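Residue-level listing of the chains:
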Amino acid sequence: MHIALVQYAVSPSTKEAVTRGVRALTRAAEAGADLVVFPELSFTPFYPRVPVTERDQSALDLAEPVPGPTTEALAEAAAEQGVVVVFNLMERDGDQTFDTSPVLNADGSLLGRTRMMHITEYEHFHEQGYYAPGDTGAPVYDTAAGRIGVAICYDRHYPEYLRALALQEADLVVVPQAGTVGEWPEGLYEAELRVAALQHGFFTALANRTGTEGDMPFAGRSFVTDPFGDVIAQASGPEETILHASVDLARTAEAPARRLFLRHRRPDQYEKGAVAPNGPS
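As the structure is a prediction and not an experimental result, all values here were calculated from the model.

(A) Just the overall build of the protein chain, in detail. Within the protein chain, the secondary structure is distributed over 6 helices and 15 strands. Here the protein chain has a C-alpha radius of gyration of 19 Å; the compact-globule value for 281 residues is 19 Å, and the two agree. Here the protein chain holds 281 residues, and 53% of them are scored as buried. Across the protein chain, every contact between residues at least 6 apart in sequence was considered, and the portion connecting residues at least 24 apart equals 68%.

Set out below in structure tokens:
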């Protein structure tokens, strides 16, 4: 599989951003990509940086259904170029809004959508005022490029969520992210997913935003890890780029997690409050 991670600064105009996104998708496909992944909130400003008490109603006006105009534009481009596409937007469903990643197959069909499960609330990431907790579970999609799961930004911090993807034999977990410079110690983004890949036996591919919005400088440095815990491709910094990586998904069969860790699990012993036979009476 040839992966392309689109790392760019998002235009303030959604229409312009979608146009730029389609151009990036086309360039990635022309360079041989089978899968194109965009960052979190792929075509809109990162509006959760403003607390809900200060938010502009226009931010919520950016929410749209799935399928909807943006999904349809990306689906048309996916079909034209013959590539699988994962992107991210604020989805409106009735009275609720979700942080959602639609997954498009290489023929442009909508395979499904993953909604971010865990919703955070801290400085610059005031997401609980914008999103309802996801209710789609942890789906894995059979795509033309392989079995793909999605962990949207904050969800990558939850081993149990990633484990759910592993138990469904995901070959690759993609992570649409909006991570900033200095948000975590240098190298921690990579360390976290290197360990996750090793423990679960899949490739990971994190696509991060770049550019500065308000006082948020997005870090870029998108990367790909293999199921042995190694970073095999990484953008050098916050510059706009399309990061390309070719991976052999068959290598997952030889990963320690698939040969050893997952088959030696003892889930019957993991229940909260379980006491070992030699434990306290």
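(B) Here's a closer look at the environment of Glu 123. Tracing the backbone shows Glu 123 in the loop between β6 (110-115) and β7 (140-143). Expressed as a C-alpha distance, the spacing of Glu 123 and Thr 180, which sit 57 residues apart in the sequence, is 12 Å.

(C) Just the packing of helix α4 (residues 159-167) against helix α5 (residues 188-200), in detail. Their axes nearest at 10 Å, the elements α4 and α5 cross at an angle of 40°. Relative to α5, α4 is oriented oblique. Between α4 and α5 lies a crossing whose hand is right-handed. Counted together, Pro 159, Leu 162, Arg 163 and Ala 166 of α4 and Ala 196, Gln 199 and His 200 of α5 form the full contact between these two elements.

(D) Region of the structure containing the pairing of strand β10 (residues 203-208). Among the 6 residues that make up β10, 6 are buried, leaving the element largely enclosed by the rest of the structure. By the alternation rule, side chains of β10 split into Phe 203, Ala 205 and Ala 207 and Thr 204, Leu 206 and Asn 208, which are all buried. Pairing of strand β9 (residues 172-177) with β10, which is carried by 6 bridges, proceeds in the parallel orientation. Note that in β10 the partner of Gln 177 across the bridge is Asn 208. Regarding the hand of the β-α-β motif, the stretch spanning β9, α5 and β10 is right-handed. As paired strands, β10 and strand β13 (residues 223-225) are joined by 3 bridges and run antiparallel to one another. Within β13, the position partnered with Ala 205 by the bridge is Val 224.

(E) Spatial organisation of the packing of aromatic side chains. Under the definition given, this model contains 8 aromatic pairs. Cluster of aromatic residues (ring-pair linked, three or more members): Tyr 8, Phe 38, Phe 43 and Phe 87.

(F) Representation of α5. With 13 residues, α5 ought to run about 18 Å at 1.5 Å a step, and its terminal C-alpha atoms sit 18 Å apart, in line with that. When we look at burial in α5, the residues that qualify are Tyr 189, Glu 190, Leu 193, Ala 196, Ala 197 and His 200. All buried residues of α5 lie within an arc of 130° about the axis, which places them on one face of the element. Buried-residue contacts for α5 involve α4, β9, β10, β13, β14 (231-234) and α6 (256-261). At the C-terminal side of α5, Gly 201 shows a positive phi close to 80°.

(G) Here's a closer look at the packing of helix α1 (residues 14-30) against helix α3 (residues 69-81). One way to put it is that α1 packs onto α3 with a least axis distance of 10 Å and a crossing angle of 20°. As far as their axial angle goes, α3 and α1 are roughly parallel. Along this stretch, α1 crosses α3, giving a crossing that reads as right-handed. For the pair α1 and α3, contact is made by Val 18, Val 22, Leu 25, Thr 26 and Ala 29 and by Thr 70, Ala 73, Leu 74, Ala 77, Ala 78 and Gln 81, respectively.

(H) Inspection of the pattern of salt bridges at higher detail. In the structure shown here, the tally under the stated rule is 11 salt bridges. In this structure, the salt-bridge partner of Glu 91 is Arg 113, at a minimum N-O distance of 2.5 Å. Of this pair, Glu 91 sits in strand β4 (residues 89-93) while Arg 113 sits in strand β6, placing them 22 residues apart in sequence. The exposure class of Glu 91 is buried, given its relative accessible area of 0%. The shortest N-O distance in the salt bridge between Asp 93 and Arg 115 comes to 2.8 Å. Here Arg 115 lies in strand β6 and Asp 93 lies in strand β4, a separation of 22 residues in the sequence. One continuous salt-bridge network, built from bridges that share partners, spans Glu 91, Asp 93, Arg 113, Arg 115 and Asp 135.

Quick notes on the rules
- Residues numbered from 1 in each chain as written.
- Predicted model: local features only at pLDDT ≥ 70, side-chain atom pairs only at ≥ 80, totals over all residues.
- Heavy atoms only, no water.
- Helix = DSSP H or I, 4+ residues; strand = E, 2+ residues; numbered from the N terminus.
- Rg over C-alpha atoms; globule rule 2.2 N^0.38 Å.
- Buried < 20%, exposed > 50% of the residue type's maximum accessible area, 1.4 Å probe, protein only.
- Contact = heavy atoms within 4.5 Å.
- Axes fitted to C-alpha atoms, helices over the stretch in contact; angles between N-to-C directions.
- Parallel < 35°, antiparallel > 145°, perpendicular 65-115°, else oblique.
- Left-handed = near helix turned anticlockwise from the far one by under 90°.
- Pairing = 2+ DSSP bridges.
- Right-handed = clockwise from strand over helix to strand, strands pointing away.
- Phe/Tyr/Trp six-rings, centres within 6.5 Å; stacked < 30°, edge-to-face > 60°.
- Expected span 1.5 Å × (residues − 1).
- Arc of directions from axis to C-beta.
- Salt bridge = Lys/Arg side-chain N within 4 Å of Asp/Glu carboxyl O.

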